[in-house]
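Chain residues, written in single-letter form:
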Amino acid sequence: MRVENRSSCDKSYTGIDLFRLAAALLIITIHTSPLADLSDTADFILTRIAARVAVPFFFVTSGFFLISRYHDQTAKLWAFVKKTALIYAAAAVLYLPVNLYNGYFKMENLLPNLIKDIVFDGTLYHLWYLPASVIGGVVAWGLVKKLDYKKATAAAAALYLVGLFGDSYYGWIGEIPACSGLYALIFQVSDYTRNGIFFAPLFFVMGGFIADHNKTMYRQFRSGETASAERASGKAVFAGCFVLMLALMLVEGLTLHHFQVQRHDSMYVFLPPCVYFLFLMLLQFRGKRYVWMRDVSLVIYLIHPMMIVVIRMFAKVLHLQDLLVDNSVVHFLAVTGMSAAFSMLAVALWGRFGRRAKKLDTDTDRAYIEIDLANLEHNVEVLKKAMQPKCELMAVVKADAYGHGMCEVAVHLDRIGVRAYAVATVDEGIRLRRCGVRGEILILGYTAPERAGEIRRYDLAQTLIDHAYACRLNEQGQRIKVHVKIDTGMHRLGFDPFHIEEILCVFAMERFDVRGIYTHLCAADSLEEEDVCFTRQQIADFYGVLKRLKKEGMRIPKIHIQSSYGLLNYPELKCSYVRAGIALYGVLSTPDAQTRLQLDLRPVLSLKAKVVLIRFVPQGESVGYGRTFVAERDSVIAILPIGYADGFPRSLSGSGSYALIGGSWAPVIGRICMDQLAVDVTDIADVEVGMTATLIGYDGGGQIDAPMVAKDSGSITNELFSRMGSRLGRV
Ligand SMILES: *Cc1c(COP(=O)(O)O)cnc(C)c1O
């Protein structure tokens, strides 16, 4: 049941993955100066100016994946800090022999210098990057959490400015007495200003900013409607800006070099904009994933100084110094080749032996929900294919993603490129943001107008459920995104399609940024002639509204009509979004559903429980509350620790439902309790305590379908799922 081809997912950052390798090579050039033999100027341009984009690129990348104003999972920050610190510790140990050889430990004032090196300068020349990542990450995180992006950027830029004056511009600034005192102080604690305090934070903030504004940035450069067309134009614009900034940085660097003002040459005025546009450009390259590239580039970065040492020793022994060390180009190629070969080998070996496949930790769970993210991903692709071109998927993740776990599901969807979500309540929307989900989030239901501030703060979009509500919300004085809902016959929420003045009035409300207009179909699941007629009328009424709006000169925002069944039965509708819920989770509401479109959807959820007791029940004895089950023969029963409080409906009692144990069918007997139920295992050999019973899902050749279970309980899959899991863990 694994999905073979996942490469078509939109959100694989191919450009970033590939540039990691290029950046690692640029760092090698800084430490080997390949062009030194040819021309000093060429060498300066390459290693002291151009290659300076490499380290900030890594900072921006870390910030991109780490920092967001939407979530406050400090656990994520600590995981980053811990991982980076561990790598740093390992690298420091690795290079201890080099430190020993250099006589590092013989220096005066060893302890203060050691602390200074560990915290700022790195225990070997290239390692400063790791503590700078930790400090920069923490500082940027704090800034973005405490301030908005504007202020956080201003603060980080101010730090950068201090750094800049102590770096490339020190020759001028250092002469001012007031400044020289300050910098003398700084240089006591850190050899350079390009460290975690003055250098890194700006780039981390930049990464977070780009991540949070990614979508809107495309839009500024949108020429066509499709994402790929947007990206194509984005590519050209960003590449142009990058080249311009790089050129300006070259001029800046050469000028400073000419006047010999540089104390060090890591920081330039044009470096941040240059890296900014470089990163935006790289973001536009999507496609295949190269996750291994991340590890390879990291190892290259860590190991190349070691390779420099090895090559020097090697050259000495073989008397090849002229070629391998003194020829700068060959030296560079040798270091690069050896570092790359070593890194790939190391990463391959690590992947083979180091990382054992994670075992699901289900041994100690009494009962649990199993989520198959590969199937979720498969469903996303199948649905996207079924949709009209230019239509986007809006993943409906209300009610804890139909019991599947909102955070887990949405974070995965976010990773594979789903950019729009729908929830039922404002609290669900906030939760979604806190899990780190970016993109559009639409609240489908009512939100108290008093909570408009939260809608704005978390960048949610509110459904306007009627005219009076719109007015009350508008009065809150918050600028928020809204979608206008039209009631075309469900008579639940929405504007009357024939009161066009009321709808126009909303478009004119200043505080609202009208992002969408939509309706909901109430009989789209049926193919009965009468229902189809009704649905077609609903659709016609909705388009009638759009036509009137157009006539009044309104710009039509995103439109959406279909939910899962809407797509399956009316796939020809041209919309901006499909709001898919139940189909995303790979099932339909009922087992006998007829739909025009038949898609290969795969169930995402399985429900499992452990056998905790096996007991013998003599003929004539009863089992459970109300003594509804009486053994007709001497029986063996198994107790499963799952009940209706876990979402397994009590109404299934006596309906002929089953559990699968070891691939065999075990009938559920007696009444289902709040926390337990019993199954008859008389006819199943070798049932043991600790075996796993499947209540929904596959086991062996058997399969229990959720829609079937839902029907037996007198409901539909949607309800079954949404009641599940308030108490269950998920794996
Ligand atoms: C729940 C909901 C959906 C999703 O419905 P499915 O049938 O699960 O796809 C779509 N639109 C609205 C307005 C909803 O409330």
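Residues numbered from 1 in each chain as written. Predicted model: local features only at pLDDT ≥ 70, side-chain atom pairs only at ≥ 80, totals over all residues. Heavy atoms only, no water.

J.: Honestly, the overall build of the protein chain in this entry has me stumped. Any pointers?
T.: When you go through the protein chain residue by residue, the secondary structure sums to 27 helices and 20 strands. The principal-axis extent of the C-alpha atoms belonging to the protein chain is close to 90 × 70 × 40 Å. For the protein chain, long-range pairs separated by at least 24 residues make up 73% of all intrachain contacts whose partners lie at least 6 apart in sequence. When the accessible area of the protein chain is evaluated, it comes to approximately 32,900 Å², of which 59% is carbon and sulfur surface. Separation between the mean location of the 77 positive side-chain charges and that of the 70 negative ones in the protein chain comes to 3 Å. (Helix = DSSP H or I, 4+ residues; strand = E, 2+ residues; numbered from the N terminus. Contact = heavy atoms within 4.5 Å. Areas by Shrake-Rupley, 256 points an atom, 1.4 Å probe, with all protein chains shown as cover. Lys, Arg positive; Asp, Glu negative; His and termini not counted. Charge placed at Lys NZ, Arg CZ, Asp CG, Glu CD.)

J.: Just checking my understanding: could you explain the environment of Tyr192 for this structure?
T.: By the element assignment, Tyr192 lies in the loop between helix H10 (177-189) and helix H11 (200-220). Residues Tyr192 and Val144, spaced 48 residues apart in sequence, show a C-alpha to C-alpha distance of 25 Å.

J.: Hey, could you run me through helix H23 (residues 500-507) in this one?
T.: For an α-helix, 3.6 residues make a turn, and residues three or four places apart therefore share a direction. Residues of H23 that are buried: Ile500, Ile503, Leu504, Val506 and Phe507. All buried residues of H23 lie within an arc of 155° about the axis, which places them on one face of the element. Residues of H23 that are buried in the fold lie against strand S5 (461-464), helix H22 (467-474), strand S6 (480-486), strand S7 (512-519) and helix H24 (529-551). (Buried < 20%, exposed > 50% of the residue type's maximum accessible area, 1.4 Å probe, protein only. Arc of directions from axis to C-beta.)

J.: Explain the pairing of strand S15 (residues 658-661) here, please?
T.: The two faces of a sheet get side chains in turn, since along a regular strand they alternate between them. When S15 meets strand S16 (residues 664-669), the two strands line up antiparallel, connected through four bridges. Paired with Tyr658 across the bridge in S16 is Pro667. (Pairing = 2+ DSSP bridges.)

J.: Help me understand the site of the ligand in this model?
T.: Around the ligand, 14 residues are found, and the nearest of them are Lys398, Tyr402, Ser564, Arg579 and Gly581. Between the ligand and the protein, one listed contact pairs a nitrogen atom with a side-chain N or O atom of Arg579 at 2.8 Å. Ile582 is positioned such that a nitrogen or oxygen atom in its backbone is 2.8 Å from an oxygen atom of the ligand. Summarising the interface, the protein chains cover 89% of the accessible area of the ligand, which totals 390 Å² for the free molecule. For the shell around the ligand, the secondary-structure elements that each account for two or more residues are helix H18 (398-402) and strand S9 (577-580). (Near = heavy atom within 4 Å. Polar contact = N/O pair within 3.5 Å; in protein donor to acceptor, adjacent residues only side chain to side chain.)

J.: I keep staring at the packing of aromatic side chains and nothing clicks. Help me out?
T.: The description of two aromatic rings rests on the distance between their centres and on the angle between their planes. Per the stated rule, a full pass over the model turns up 27 aromatic pairs. Ring geometry for Phe59 against Trp128: centres 6.5 Å apart, planes inclined by 70°, an arrangement best described as edge-to-face. With Phe59 in helix H3 (residues 54-66) and Trp128 in the loop between helix H6 (110-121) and helix H7 (129-146), this pair connects stretches of sequence that are 69 residues apart. Classification of Phe59 as buried rests on a relative accessible area of 0%. For Trp128, a relative accessible area of 8% corresponds to the buried category. (Phe/Tyr/Trp six-rings, centres within 6.5 Å; stacked < 30°, edge-to-face > 60°.)

J.: Which parts of the structure should I look at to understand the domain arrangement of the protein chain?
T.: Split into domains, the protein chain comes out as domain 1 (14-354), domain 2 (372-585) and domain 3 (605-704). Each of domain 2 and domain 3 has a C-alpha centre, and these two points are 41 Å apart. (Domains from an automatic or database assignment.)

J.: Looking at this model, I keep getting lost on the state of the cysteines. Mind explaining?
T.: Each disulfide is one covalent bond, formed between the sulfur atoms of two cysteines. A full pass over the atoms with the stated rule returns one disulfide. Paired by a disulfide, Cys407 and Cys435 hold their sulfur atoms 1.8 Å apart. Where Cys407 bonds to Cys435 through sulfur, the torsion about that S-S bond is close to -75°, and the disulfide is left-handed. Highlighted residues: Cys407 in helix H19 (residues 406-415) and Cys435 in the loop between helix H20 (426-434) and strand S4 (440-443), separated in sequence by 28 residues. Classification of Cys435 as buried rests on a relative accessible area of 7%. Here Cys575 stays unpaired: no disulfide links it, and the sulfur of Cys391, its closest cysteine neighbor, is 6.2 Å away. Overall, the relative accessible area of 9% leaves Cys575 in the buried class. (Disulfide = S-S within 2.5 Å.)

J.: Just checking my understanding: could you explain the packing of helix H1 (residues 14-32) against helix H14 (residues 291-318) for this structure?
T.: The packing of two helices is summarised by the inter-axis angle and the distance between the axes. One way to put it is that H1 packs onto H14 with a least axis distance of 8 Å and a crossing angle of 10°. Between H1 and H14, the angle falls in the class roughly parallel. Contacts from Asp17, Leu18, Arg20, Leu21, Ala24, Ile27, Ile28, His31 and Thr32 of H1 reach H14 at Val291, Met293, Arg294, Val296, Ser297, Ile300, Tyr301, His304 and Ile308. Taken together, the residues of the contact of H1 with H14 break down into 11 nonpolar, four polar and three charged. (Axes fitted to C-alpha atoms, helices over the stretch in contact; angles between N-to-C directions. Parallel < 35°, antiparallel > 145°, perpendicular 65-115°, else oblique. Nonpolar A, V, L, I, M, F, W, Y, C, P; charged D, E, K, R; others polar.)

J.: Sorry if this is basic, but what is going on with unusual backbone geometry here?
T.: Both trends apply: most residues other than glycine have a negative phi, and most peptide bonds are in trans. Here Ala399, not a glycine, exhibits a phi torsion of approximately 50°, which is positive. Structurally, Ala399 can be placed in helix H18. Its identity as a non-glycine residue notwithstanding, Asp459 has a phi of 55°, on the positive side. For Asp459, the position within the fold is in the loop between helix H21 (452-457) and S5.

J.: Would you take a moment to explain the environment of Val418 for this structure?
T.: Position of Val418 among the secondary structure elements: in the loop between H19 and strand S3 (420-423). Separated by 116 residues in the primary sequence, Val418 and Phe534 have C-alpha atoms spaced 32 Å apart. Once you skip the residues sitting within four places of it in the chain, Val418 turns out to touch Val380, Leu393, Ala395 and Leu413.

J.: What should I look at first to understand the pattern of salt bridges in this one?
T.: One side chain can pair with another of opposite charge once the charged atoms of both are near each other. By the definition in use, this model includes 26 salt bridges. Of the charged contacts in the structure, one is a salt bridge between Arg20 and Asp17, with a shortest N-O distance of 3.8 Å. One end of the pair is Arg20 and the other is Asp17, both in helix H1 and three residues apart, which spans about a single turn. There is no split in this pair, since Arg20 and Asp17 are both buried. A salt bridge links Arg419 to Asp414, with the nearest nitrogen and oxygen atoms 3.3 Å apart. (Salt bridge = Lys/Arg side-chain N within 4 Å of Asp/Glu carboxyl O.)

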